[in-house]
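Here is what each chain is made of, one letter per residue.
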Amino acid sequence: MNAPKLTASLQANPRLDRWIAFLPDRTARVASGKVEIGQGIVTALRQIAAEELDLPLDRVAVASGDTEIGPDEAYTTSSLSVMVSGASIRLVAAEARRLLTERAALRLNCAPEDLSVDAEGFVRAGEATGLDYWDVAGEIDWTAAATGAGQPKRPSDYRVVGESAPRDDLPAKVAGGGFLHDLVMPEMLHARTLRQPSPGAALVSLDEAAIRRAARGEIEIVREANFVAFVSADEWTVERAAEAAPAHAEWRGVRDLRPADGDAHGLPDLKANDHIYGDPEPEVPPAGDVVEIMITRPYVAHASLGPSVALAKFEGGRLEVRSHGQGMHPLRRNLAGALRLDEAAIHCIHVDGAGCYGHNGADDAALDAAIVAMAKPGRWVRLQWRRAEEFAYEPVGPAMLVKARATVDATGAPVDWTTDIWSPVHVQRPGAPGVVMLAAQALRPPPPWGPPVDPPPERGYGGPRNAFPLYRVGALRVRHHLTERAPIRTSALRGLGALPNVFAIEGLMDELAARAGADPVAYRLGLLDDPRARAVIERTAALAGWEDRGEAGTGRGLGIAFARYKNIAAYAAVAVRVSVDEEVRMERIWTVADAGLAVNPDGIRNQLEGGCVQGASWALKEEVKLDGPGIASIDWESYPILRFSEVPDITAELIDRPAEPALGVGECTVGPTAAAIGNAVAHALGRRIHDMPLTRERVMASLLAG
Amino acid sequence: MARLAFELNGKPVAVEAGEDEPLLYVLRNALGATSVRFGCGLEQCGCCAVLVDGAKAFACTQPAAMVEGKSVETVEGMGGEDAPGPIQSAFLAEQAGQCGYCLSGMLIATKALLAETPKPTRPEIRAALDGHLCRCGAHERIVRAVERAAGMRP
């Protein structure tokens, strides 16, 4: 049998000892560059390793996100952790098992094929041999490169993978611990920042005496150029200092935005770089009617429930960092650049934080803490952002305007399709042209501005993510108008462009179905060849009682939507029933997904449900407001998210296909949920609302216009 | 600084607290009750909920001085990682959480709800949890966990 192909992660980190170790306490430790962000990845990776090694789950540990132990796997993003890190760990564990079995066979003077493994060790002909992995592990050169020579198990032999193993990390988290926020180091100092109000703003004066009076306790003030932090052994004292500080600081060159700067309808007026994908424009427009839909989505926030925090200590020229960022190796590189330290002098370790859903303030807080730590060598510094700081200074998900246009033939089927997207860049992690961490902008003039770079097609696109419908639509092209400079910092938010694009595509599909006099589900199925796509739609429709959908325009509506995330990850369909009087109320959500081999079915359902709620929250409620220096929605009153009284019962089902490769699921229901809501509201009202969020004001405007 | 004495999870404690210092910092930093999570400092998210003489209160704004002589309960009093109490066990059984940052507040709100309404309906559960935000979208599971804690699910 041919050896399986090495994953990209393994090619970049070939040494076996970057991935696996057999520890003296007779446990195996596998390492991953992917980190726990509430999605249960550590549990799933542990299941994969335990499966290949035939060890009980409690004999396998996962070290995730440690620059001294584990592999560099960049960031934990794009629903790739099981697909890439999981596949790597499967190969490494299978190879380790093979190497260990060969050593044991030599000792036992038998053929490797004669040996199997159980919880006690190697077994030959049903008898324990008295040897286990740890007896022979010392005889293997773990610094060697992985070859992919191990043969992973057949899925039909799985006993741990495919089980809904409970999450490893939850018992601590329901008992008051488990978060970086909870970590206490000896003699730890607390710190808070005074933020540079906008990039390029210069601190003219700071009334330190007034701030010290307001702190009502001993504080130190760390100032470097336009970066300011307050430090004390007492957290409440620095909190008071930080609370008071903006009133005692004078800045020059502060940005002055207007609320209209946040309006997605203005995006086509901004300078953009165009990227065209897919089929060329037809030289002669195809015959048929043209149907078009235009939708917008405002800037939206990650809005993590816990403010960003980081711990850092600088001693003997070495910097230790604890962070809840999405990638510790990239963080180390970025800290080295910002602090002008050697990468080898920095050790970053991931500790769980509150859910981030993308690139939020986590990395920036790590640089903040490191700056303060270098000013206070020898002491651990814990720097936490304030709530307003989290809302105002995290990078946000870009506003988008999307036009989807189809030419339909006499039967009502599309023969030509164009998706046009206007959007600021979706990923601006430090290291991209002209992009540095937040505090680095305050330390020294930032590097020269570079044109924004969205993720390329092979990484699933940024703005155009899921802009290519899976339906048979004839000639298909996507035109991405990538905004050169947005008014505020934007970066990766769960699903990138998928939510607005799926909202537009699936809205247009409903319009096309109505125009053809067809049922929306039947119309979609008529244009879909992939049986897995068809299956999730059919099952969702059955769960939702689609045949009893009812008439349009009654105030109650049922909508459905479908997408395959990035067109290569999990398939998901979502149906939502709503009632609309003055505002939209969800009565029920159903979702069905196909993620291939389900490593942990309950963990996947948890992700599906969460994606439904978050997608619904973005579609119905959320909008980052701009005013003055930047973001003006800086608390949960001005940035409301979906609450318990607004979340309906949710049914999430999984179509398990154990023989198919595992597909990423973390983001697959977000777009279809928003789109299903859009379609349900259109069904309830008899007319479509094109601008998110679908607020009371927009419902009222739609009713009045009708 | 002022001396402050109260009962924390059934045991008498005495600490120094700063003037106007919210209960949250006293519980987390002086008394190690890290379940009391900082979320907003504005009583808007519910992460910091505790019980004061059995009634739910938000520790992020409640001045510590207000609990002098009173009884404060936090999640630490419900059970530990190795021996979770019944409400914690119900949340674990339903795998009711993703990142878990909101869960302390959910557990406290559940305890307060079930003390008043031992067999709550779904609307009553949602109303009781409405002041508690969950950003990951674990709502469905959290509602099921409350039902399980109430003995309404097997």
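Quick caveat, the model's predicted, so the values are computed rather than measured. (Residues numbered from 1 in each chain as written. Chains lettered and ligands numbered in written order. Predicted model: local features only at pLDDT ≥ 70, side-chain atom pairs only at ≥ 80, totals over all residues.)

Turning next to the interface of chain A and chain B. Quite often, the size of an interface is put as the accessible area lost when its parts meet. Each side of the interface is counted separately: chain A has 47 residues, and chain B has 48 residues. Mapped onto the side of chain A that touches chain B, the elements with two or more residues apiece are helix 5 (170-173), helix 7 (235-244), helix 15 (601-620) and strand 26 (649-654) of chain A. Of all the elements, helix 15 of chain A adds the most residues to the side of chain A that touches chain B, at eight residues. Here the side of chain A that touches chain B is built from residues that sort into 20 nonpolar, 15 polar and twelve charged. (Contact = placed C-beta atoms within 7 Å. Helix = DSSP H or I, 4+ residues; strand = E, 2+ residues; numbered from the N terminus. Nonpolar A, V, L, I, M, F, W, Y, C, P; charged D, E, K, R; others polar.)

Let us now look at unusual backbone geometry. The omega torsion of the bond from Met692(A) to Pro693(A) falls at -5°, within 30 degrees of zero and hence cis. Its place among the elements puts Pro693(A) in the loop between helix 16 (670-685) and helix 17 (696-705). One non-glycine residue, Asn466(A), lies in the positive phi region at around 60°. When you line up the elements, Asn466(A) lands in the loop between helix 11 (438-443) and strand 20 (475-483). When the 30 C-beta atoms within 10 Å are taken as the criterion, Asn466(A) is described as buried. You will see that Asn9(B), though not glycine, has its phi angle at about 50°, which is positive. (Buried ≥ 20, exposed ≤ 12 C-beta atoms within 10 Å, placed from the backbone.)

This part takes up the pairing of strand 4 (residues 55-58) of chain B. On a regular strand, one side chain projects to one face of the sheet and the next to the other, so that they alternate. Where strand 3 (residues 49-52) of chain B and strand 4 of chain B come together, four bridges link them in antiparallel fashion. Along strand 4 of chain B, the bridge assignment pairs Leu51(B) with Lys56(B). (Pairing = 2+ DSSP bridges.)

This paragraph deals with the domain arrangement of chain A. Residues and elements named next belong to chain A. Per the domain assignment, the segments making up chain A are domain 1 (8-166), domain 2 (181-253 + 308-384) and domain 3 (400-705). Taking only C-alpha atoms, the centre of domain 2 and the centre of domain 3 are 36 Å apart. Contacts between the two partners involve 20 residues from domain 2 and, on the opposite side, 18 residues from domain 3. Of all the elements in the fold, those that place two or more residues in the side of domain 2 that touches domain 3 are helix 8 (328-339) and helix 9 (362-375). By residue number, the principal contributor to the side of domain 2 that touches domain 3 is helix 9, which donates five residues. Of the residues assigned to the side of domain 2 that touches domain 3, the class counts are nine nonpolar, six polar and five charged. (Domains from an automatic or database assignment.)

All names here are of chain A. Spatially, 4-5-6 is the arrangement adopted by the three strands of the open sheet, whose pairing is antiparallel. The open sheet has two edge strands with one neighbour each: strand 4 (115-118) and strand 6 (127-128). Both strand 4 and strand 5 (residues 121-124) contribute to a ladder of four bridges, which runs antiparallel. Note on strand 5: the bridge partner recorded for Val 117 is Phe 122.

Compared with the 20 Å implied by 1.5 Å per residue over 14 residues, the 21 Å span of helix 9 of chain A between its first and last C-alpha is a close match. Among the residues of helix 9 of chain A, Ala362(A), Asp363(A), Asp364(A), Ala365(A), Ala366(A), Leu367(A), Asp368(A), Ala369(A), Ala370(A), Ile371(A), Val372(A) and Ala373(A) are the ones counted as buried. (Expected span 1.5 Å × (residues − 1).)

All names here are of chain B. Direction vectors running N to C along helix 2 (residues 86-93) and helix 5 (residues 139-149) enclose 135°, while the axes themselves pass 8 Å from each other. By the criterion of interaxial angle, the relationship of helix 2 to helix 5 is oblique. Note that helix 2 runs across helix 5; the crossing there is right-handed. Seen from helix 2, the contacting residues are Pro 86, Ile 87, Ala 90, Phe 91 and Ala 93; seen from helix 5, they are Ala 145, Arg 148 and Ala 149. Here the residues of the contact of helix 2 with helix 5 sort into seven nonpolar, no polar and one charged. (Axes fitted to C-alpha atoms, helices over the stretch in contact; angles between N-to-C directions. Parallel < 35°, antiparallel > 145°, perpendicular 65-115°, else oblique. Left-handed = near helix turned anticlockwise from the far one by under 90°.)

Residues and elements named next belong to chain B. The N-to-C vectors of helix 3 (residues 103-116) and helix 5 enclose an angle of 40°; their axes lie 11 Å apart at closest approach. Taken as axis vectors, helix 3 and helix 5 run oblique relative to one another. Both helix 3 and helix 5 take part in a crossing whose hand is right-handed. When helix 3 is examined against helix 5, the residues Met 106, Thr 110, Leu 113 and Leu 114 are found in contact with a partner set consisting of Ile 142, Val 146 and Ala 149. A class-by-class count of the residues in the contact of helix 3 with helix 5 yields six nonpolar, one polar and no charged.

Attention now goes to the environment of Leu114(B). Topologically, Leu114(B) is positioned in helix 3. It is 12 Å that separates the C-alpha atoms of Leu114(B) and Met152(B), two residues lying 38 residues apart in sequence.

Okay, the domain arrangement of chain B next. Residue and element names in this part refer to chain B. Partitioning chain B into structural domains gives domain 1 (2-75) and domain 2 (86-149). Taking the mean C-alpha position of each, domain 1 and domain 2 sit 21 Å from one another. Across the boundary between the two partners, domain 1 contributes 13 residues, which contact 13 residues of domain 2. In terms of residue count, strand 3 provides more of the side of domain 1 that touches domain 2 than any other element does, three residues in total. Partitioning the side of domain 1 that touches domain 2 into residue classes produces eight nonpolar, three polar and two charged.

So, about helix 1 (residues 23-30) of chain B. The buried count for helix 1 of chain B comes to six of eight residues, which makes it a mostly enclosed element. The complete set of buried residues in helix 1 of chain B reads Leu23(B), Leu24(B), Tyr25(B), Val26(B), Leu27(B) and Arg28(B). Where helix 1 of chain B is buried, its residues touch helix 7 of chain A together with strand 2 (11-17) of chain B. The positive-phi residue at the C-terminal boundary of helix 1 of chain B is Gly32(B), with phi of around 70°.

What follows concerns the pairing of strand 22 (residues 571-580) of chain A. All names here are of chain A. Taken across its ten residues, strand 22 has nine buried, putting it largely inside the fold. As paired elements, strand 21 (residues 556-564) and strand 22 share nine bridges and run antiparallel to each other. Within strand 22, the position partnered with Ala 563 by the bridge is Ala 572. The antiparallel hairpin formed by strand 21 and strand 22 contains six residues in its connecting segment, where Lys 566 sits at a positive phi of about 60°. With ten bridges joining them, strand 22 and strand 23 (residues 584-594) adopt antiparallel strand pairing. Pairing of Tyr 571 across the sheet is with Asp 594, part of strand 23. Hairpin connection, strand 22 to strand 23: the antiparallel pair is bridged by three residues.

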